[in-house]
Amino acid sequence: MPFEAVFEELVNAIMSFDAEKVYESTKKALDKEINPVEIVQKGITKGLRIVGDKFSKGEFFLMHLVAAGEAVKKVMDELINPELEKRAAKLESIGKVVIGTVEGDIHDIGKNIVASMLVTAGFEVYDIGKDIPSAEFVKKAREVDADIIGASALLSTTMPAQREIVELLRKEGLKDKIKVMVGGAPATEEWAKEIGADGYAENAIEAVNVAKKLLKIEP
Amino acid sequence: MLEFLRKEDARDIHIATLETLERTGIHTDSDRILNIFKEGGADIDSKKKTVRIPEYLISEALRKTPKKIILCGRDPKHDFLLEGSRVYFGLGGTPVPFIRDVVSGENRRPAKSDVGECSRIGDALPNMYYLMTIAGAFDVPWEAEYLHELEAILSNSEKPVVFASPGADGARRMLDMAATVVGGMKELRRRPIVCLYGEPASPLTLPKANENMIEFAEARIPITLGPMPMVGSTGPGTLVGTEVTANSENLAAITMVQLVNPGAPIIYAGWVCSMDPRSGICTYGAPEFALGTGALNAAMAHYYDLPCFSFGGAAGSNAPDAQAGAEIMMNGLIAALTGTNLVHDCGYLSNGMVGSIEMAVIANEVVGIIYRILKGIRIDDDMLATEVLSEVGPGGHFLSHKHTFKYLLSEIYIPQLFDISSPESWVKAGRKEIHEKAREQAMKILKEHEPTQLPKDVQKRLSEIVKQGEKELVKKTQQ
């Protein structure tokens, strides 16, 4: 089977939203000793881009987006990354994002979807979880030399933590270096401006676009 | 009463719930909640913080839960009893992040004064039997947001108040405020003017915030539940699967409350919420939302013979328009016809993201119509009117007949807002659409309606509690 057919099978597997098929197709590609970087670029990324486009057009729904994202995360964690390590190779990251749900808030489904979309778009994502104190966001961002902090809040009483993160960055002189994106039901574009955050997005696909824009990456 | 489930369907959901609570269990991040279940005899995994609840504990809890709960107003004329198929609608729900400005029609961040204004509207609208809110207080320190909101509601209405004050601390402060209004905890127990809205986190989680229910259970002041799993995201992709999720959270909370204090008043809620599969937004105006939060919820509550809480008069539309009207009539009517006792969210737009005074006024009218439908068709010999027909005879009229005077005005609902005039009159009156008329009525209420004030000393003590609370809470976050 020529390489092109292997990639096509992988793309189709992603479009079938069947994690097992995605796993098998990826494994098959690796068994043929195809370079994992190429598998990601020509198979996985292509498949995810189609899913994302169809989601934006309203042809696919959240379940498709999440299922494709989870299937890809599994093969990245279990197959691609170990193989990359073996070869001492690395995927090119288009930016580093620290993402989490703010302190006092346990709602993390939206945050998880955004994290998974960022990963699939090529960002290096550090998901620090839910109910995370503002200082932890900043600490982690400093530790990994992040470009962006993404802070999610679903409650009106936890939104102020988004402001706190911006202020902490300012205090530590990191405000210009690290961009802040906010999201969650009560957040708005206006709120982002008010607290001095750099970006806001209403949904996961939009979040990827905003993140790319903030880092001046071509869409 | 309209029934969507057969008794054996409800039983299937109950059995599936028991299986879920026994096999999968619920999660909690609260040691206090974990301990209550542990001492009560549930199967605890302290490491994973999961609770598996055996059937007998749930059956015992259901047996101990009151079958009727009274909610009281500051003035007893506002008291009402929740049981059977009695239906009471109320204004709003939990504090809302935006309000549609009644003057400009623009959405903006609400302030504490908006919470007060909305409460005054709710106090004046006759079909709103109790108050939650359609605004949040965004101009106060966020740490004390709940205290300010509750103060604004209690100060602007005499009707019963349902309010969500999270965590043990939030609950204690809410109890303190309510007790201050009625003159002590003993009096509050006798005449509960507040009811706590406790919300489990779906799927299958009782977060630390739910410790508020423990405080209310100990104080024996009413609690109402509100699990909101959404079909296909925080619940399985089927209506009944999501009902099993909601019912599990609900029965876990009821069991917890009855372990804390047997006989403590708690109102059933097992809601199935609908989701827009494109955005993930919880769609209040969807038909499945009405089926899930109305029909399924009421069916399970009746199966357990417990009073229940749900949605009605809540719109998904972003404006007080035809869509909003269709939505609130649909979910309001389903809730009422299926026998939901406590119905909330009148005045919500945009799936609970925007509060609207115009919508509250429109909902008041819609609820009036719903109550007329609930009243149904009365029949007896006198009403069959054969005597009257014989008296008037063919070709006559009934306009001035005694029999007409006796019955007509109790048979016919006369709208206070909806336009039922002729097209000419409508044009002459300025071609006003419903939201314009609603705005006028709202402005009139805001100008004229003054609710009975709290006694000066009570008002003062209430605001002292809020001030003191704010001081403590703001300090806490600055440490």
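In this text, all values refer to a predicted model and were calculated from it rather than measured experimentally. Residue positions are given per chain, counted from 1 along the sequence in the order it is written. Working convention: letters from A go to chains and numbers from 1 go to ligands, in the order in which they are written. Residue-level local features of this predicted model are given only where pLDDT is at least 70; pairs of side-chain atoms are given and counted only at 80 or more, and the full residue set underlies all totals for whole chains, interfaces and linings. Side-chain measures here rest on the full set of heavy atoms in the structure, leaving out hydrogens and waters.

## Remarks on the interface of chain A and chain B
At the junction of the two partners, chain A supplies 14 residues and chain B supplies 15 residues. Of the roughly 1300 Å² buried at the junction of chain A and chain B (both faces included), carbon and sulfur atoms supply 67%. Throughout, a contact is declared for two residues whenever any of their heavy atoms are within 4.5 Å. Buried area adds together the accessible area that both of two parts lose upon being put together, with accessible area traced by a 1.4 Å probe.

## Describing the confidence of the model for chain B
With 99% of its residues at a pLDDT of 70 or more, chain B has an overall mean of 97. The complex model carries a pTM of 0.92, and its ipTM stands at 0.82. Per-residue confidence from the prediction method is given by pLDDT, with values spanning 0 to 100.

## Focus: the side chain of Q162 of chain A
All names here are of chain A. Strands here are runs of E lasting at least two residues and helices are runs of H or I lasting at least four, both read from the DSSP assignment and numbered beginning at the N terminus. Within the secondary structure, Q162 sits in helix α7 (residues 160-171). You can call Q162 buried: its relative accessible area is 0%. Within 3.5 Å is the distance limit for a polar contact, defined as a pair of N or O atoms, with the added protein rule that one can donate a hydrogen and the other accept it, and that residues adjacent in sequence qualify only through two side-chain atoms. Among the polar contacts made by the side chain of Q162, one reaches the main-chain carbonyl oxygen of G183 at a distance of 3.1 Å. Beyond its immediate stretch of four places on either side in the chain, Q162 contacts V102, A151, S152, A153, V182, G183, A187, W191 and I195. With a 1.4 Å probe rolled over the protein chains alone, any residue whose accessible area is under 20% of its type maximum counts as buried; one over 50% counts as exposed, and the rest are partly exposed.

## With respect to a nonpolar patch on the surface
A surface patch of nonpolar side chains, amounting to about 400 Å² of accessible area, comprises L408, L409, I412 and I414 of chain B. Here I412 of chain B lies in the loop between α15 (402-411) and α16 (423-428). Each patch groups residues whose relative accessible area exceeds 30% and which form no salt bridge, using 9 Å between like charges and 5 Å between nonpolar side chains of Val, Leu, Ile, Met, Phe, Trp and Tyr. Surface exposure here means Shrake-Rupley accessible area, sampled with a 1.4 Å probe, where a residue is shielded only by the protein chains that are shown. Salt bridge criterion: a side-chain nitrogen from Lys or Arg within 4 Å of a carboxyl oxygen from Asp or Glu.

## Observations regarding a negative patch on the surface
The positive count covers Lys and Arg only, the negative count covers Asp and Glu only, and His and the chain ends enter neither. Taken as the charge centre is NZ of Lys, CZ of Arg, CG of Asp or CD of Glu, depending on the residue. A grouping of E103, D131, E164 and E167 of chain A together with D29 of chain B is seen on the molecular surface, where their side chains present a negatively charged patch. Tracing the sequence through the fold places E103 of chain A in the loop between β1 (96-101) and α5 (109-120).

## Let's talk about the nonpolar core
F37, F89, L154, V194, F216, F309 and L342 of chain B are the most contacted members of the largest nonpolar core, which totals 139 residues. No other element matches helix α12 (residues 357-375) of chain B, which puts 10 residues into this core. Filtering out sequence-adjacent residues up to four positions away, L342 of chain B remains in contact with L71, F80, L82, Y88, Y130, V162, I267, C308, F309 and S310 of chain B. Judged by nonpolar contacts, the second largest core, of 46 residues, contains V37, F60, I113 and A207 of chain A. For the purposes of this section, nonpolar cores are sets of buried Ala, Val, Leu, Ile, Met, Phe, Trp, Tyr and Cys residues that join through side-chain atoms within 4.5 Å.

## Focus: the pattern of salt bridges
All names here are of chain B. Counted according to the given criterion, the structure contains 38 salt bridges over all chains. Residues K112 and E151 are paired through a salt bridge, measuring 2.5 Å at the closest nitrogen-oxygen approach. Placement of K112 in helix α4 (residues 112-124) and of E151 in helix α5 (residues 145-156) is noted, with a sequence separation of 39 residues between them. The partly exposed category is assigned to K112, whose relative accessible area is 22%. Owing to a relative accessible area of 9%, E151 belongs among the buried residues under this scheme.

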